[in-house]
Amino acid sequence: MAAGVTLLNLAIRRGLAAPRLVSTAVPEGLPWQEVSVPTANGKNLFGCFIPGPSRAPALVVMHGWGGNAQTMLPLAAPLHGAGYTLLFLDARCHGRSDADSFASLPRFAEDIEAGLAWLQRLPGIDPVAYGLIGHSVGAGAALLAGTRQSTVTAIVSLAAFAHPAGMMRRWLAAMHIPYWPLGAYILAYVQRVIGYRFDDIAPSRSIARLFCPVLIVHGLADETVPFSEAQEIFAARATDLVELLPVPGSHDDYGDIDLHLPAMLLFLEAAFIPVVV
């Protein structure tokens, strides 16, 4: 019996492990540097650092599950051109960052917080404010990190799911795994391994604890995370500083991203004005 449970747990870990995609793509034409950022558990993160003007706001940018910093690089030139200092990170177990025992939304949040700490210690860089941009799991992690970091002035959430349990149940259905009893066991096991109840880390719960400006961006054709989940997060907001921006596109592809960037840049500018002025 014990051996069977051990094998089942091992199969769950392997089945849920994030694929590691390693890329050598770089932000062409920008003054970028490859950096190493220390994070939890004695691990190090690969980072792509792009300094902005003196006293510019700084943004930590985090990819989604199975992605890496490269997947977020289309944002680099527009954000740098708008005057921001940027730190693109590979989360643990992703891209060129160190492996760890597992990846999870809370560990993505730890890695985002490690990026903030690294920026705050960087000689010669003195940002006047800090913001977070995340995609999917990275978006949920950005919202969670924002509830714990008072230095965060603004957050842009791209394609966040409302609750990990809902995301897990969609995965179970896609894998044709019945919820009872196996699916229920998987959800309980995952919560035990990551050390958090899903209710405590759900973006729909994090948003209720955030009082800084937040922009929730979500594709209307997203089949991985339905647009209704963005509406659920938005409905749980604690302040009118939270905005919802529906855009054409799917979970990973917003089509012509240039069409949507002006709204994001206007949001960030408005969020940072009280701090920068």
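Structure first, text after, so check above.
So, here is what we can say about the structure in this document. (Residues numbered from 1 in each chain as written. Predicted model: local features only at pLDDT ≥ 70, side-chain atom pairs only at ≥ 80, totals over all residues. Heavy atoms only, no water.)

## Side note on the packing of aromatic side chains
In plain terms, the rule: In this scheme Phe, Tyr and Trp rings, the latter by its six-membered ring, pair at centre separations within 6.5 Å, and the angle between planes marks the pair as stacked below 30 degrees, edge-to-face above 60, and tilted otherwise. Helix and strand assignments come from DSSP, with helices taken as H or I runs of at least 4 residues and strands as E runs of at least 2, each series counted from the N terminus. Buried residues are those whose accessible area, probed at 1.4 Å on protein chains only, stays under 20% of the maximum for their type, while exposed residues exceed 50% and partly exposed ones sit between those limits. Whether a charge lies above a ring is judged from NZ of Lys or CZ of Arg, which has to be within 6 Å of the ring centre and within 35 degrees of the ring normal.
For the structure on display, the rule yields four aromatic pairs. Taking 6.2 Å as the distance between ring centres and 20° as the angle between the ring planes, the aromatic pair formed by W65 and F108 counts as stacked. In this pair, W65 is assigned in the loop between strand 3 (58-62) and helix 2 (76-81) and F108 in helix 3 (residues 105-121), connecting sequence segments 43 residues apart. For F108, a relative accessible area of 1% corresponds to the buried category. Each ring, one from Y185 and one from Y189, has its centre 6.3 Å from the other, and the planes form 10°; the classification is stacked. On the criterion of helical spacing, the pair formed by Y185 and Y189 is a turn pair, its members being four residues apart in helix 6 (residues 179-194). With a relative accessible area of 27%, Y185 lands in the partly exposed category. Against the face of Y179 rests R169, its NZ or CZ located 3.7 Å from the ring centre. Sitting above the plane of the F234 ring, R237 keeps its charged end 3.9 Å from the centroid.

## A word on unusual backbone geometry
A negative phi holds for most residues other than glycine; trans holds for most peptide bonds. Cis geometry marks the peptide bond from W180 to P181, where omega comes out at 0°. With respect to the helices and strands, the residue P181 is situated in helix 6. Even without a glycine there, the phi angle at R55 is positive, about 65°. Residue R55 is classed as partly exposed on the basis of its relative accessible area of 46%. Even without being glycine, C93 reaches a positive phi, approximately 70°. Tracing the sequence through the fold places C93 in the loop between strand 4 (85-89) and helix 3.

## Quick notes on the side chain of E229
Quick note on the threshold: We call two N or O atoms a polar contact when they sit within 3.5 Å, provided that within protein one can donate a hydrogen and the other can accept it, with sequence-adjacent residues counted only if both atoms are side-chain atoms. By the convention used here, residues are in contact when the closest approach between their heavy atoms is within 4.5 Å.
Relative to the helices and strands, E229 resides in helix 9 (residues 227-235). Looking at E229, its side chain comes within polar contact range of the main-chain nitrogen of A162, at 2.7 Å. Setting aside anything within four residues of it in sequence, one finds E229 in contact with F161, A162, H163 and R170.

## Examining the pairing of strand 2 (residues 44-50)
Let me state the cut-off plainly: Paired strands, as defined in this entry, are two strands with at least two bridges between them according to DSSP.
Most of strand 2 is tucked away, with six of its seven residues classed as buried. As defined by bridge partners, strand 1 (residues 33-38) adjoins strand 2 across six bridges and the pair is classed as antiparallel. Within the sheet, the bridge partner assigned to Q33 lies in strand 2 and is F49. Connecting strand 1 to the next strand, strand 2, in antiparallel fashion are five residues, including N41 with a positive phi near 65°. Where strand 2 meets strand 4, four bridges bridge the pair, whose relative direction is antiparallel. Across the sheet, the residue bridging to G47 is L89, located in strand 4.

## Focus: the nonpolar core
Spelled out, the test is: By nonpolar core we mean a set of buried residues, namely Ala, Val, Leu, Ile, Met, Phe, Trp, Tyr and Cys, connected to one another through side-chain atoms within 4.5 Å.
With 57 residues, the main nonpolar core has I112, W118, L119, L132, I155, F198 and V214 as its most contacted residues. Here this core takes eight residues from helix 3, the largest share from any one element. Among all residues touching I155, those that are not within four sequence positions of it are L132, A142, L143, G146, L210, C212, P213, V214, L215 and F267. F88, V128, V217 and F267 belong to the second-largest nonpolar core, a separate cluster that totals 29 residues.

## With respect to the sheet that holds strand 2
Threshold: Only the stretch in contact is used when fitting a helix axis, every axis being a line fitted to C-alpha atoms; angles between N-to-C directions are given from 0 to 180 degrees.
Ordered in space as 1-2-4-3-5-6-7-8, the eight strands form an open sheet in which the pairing is mixed. In the strand order of this sheet, the two ends are held by strand 1 and strand 8 (242-247), each with one partner. The average undirected angle you get between the axes of adjacent strands in this sheet is 20°. The sheet contacts of helix 4 (residues 137-148) involve strand 3, strand 5 (130-135), strand 6 (152-158) and strand 7 (214-219), and relative to strand 5 the element is tilted by about 150°.

## A few points about the packing of helix 5 (residues 164-174) against helix 6
Heads up, the condition is: The cut-offs work like this: below 35 degrees is roughly parallel, past 145 is roughly antiparallel, 65 to 115 is roughly perpendicular, and the gaps in between are oblique. Crossings are classed by handedness, with left-handed meaning an anticlockwise turn of the near helix from the far one by less than a right angle and right-handed meaning a clockwise turn.
Running from N to C, helix 5 and helix 6 point in directions that differ by 135°, and their axes come no closer than 11 Å. By the angle between their directions, the pair helix 5 and helix 6 is classed as oblique. Considering how the two elements wind past one another, helix 5 and helix 6 form a crossing that is right-handed. Of helix 6, the residues touching helix 5 (which contributes A165, M168, R169, W171 and L172) are Y179, G183, I186, L187 and V190.

## A few points about the environment of L119
Along the chain, L119 falls in helix 3. With 154 residues separating them in the primary sequence, L119 and I273 have C-alpha atoms 20 Å apart. Leaving out residues up to four positions away in the same chain, L119 has contacts with F49, A58, V60, T85, L87 and Y130.

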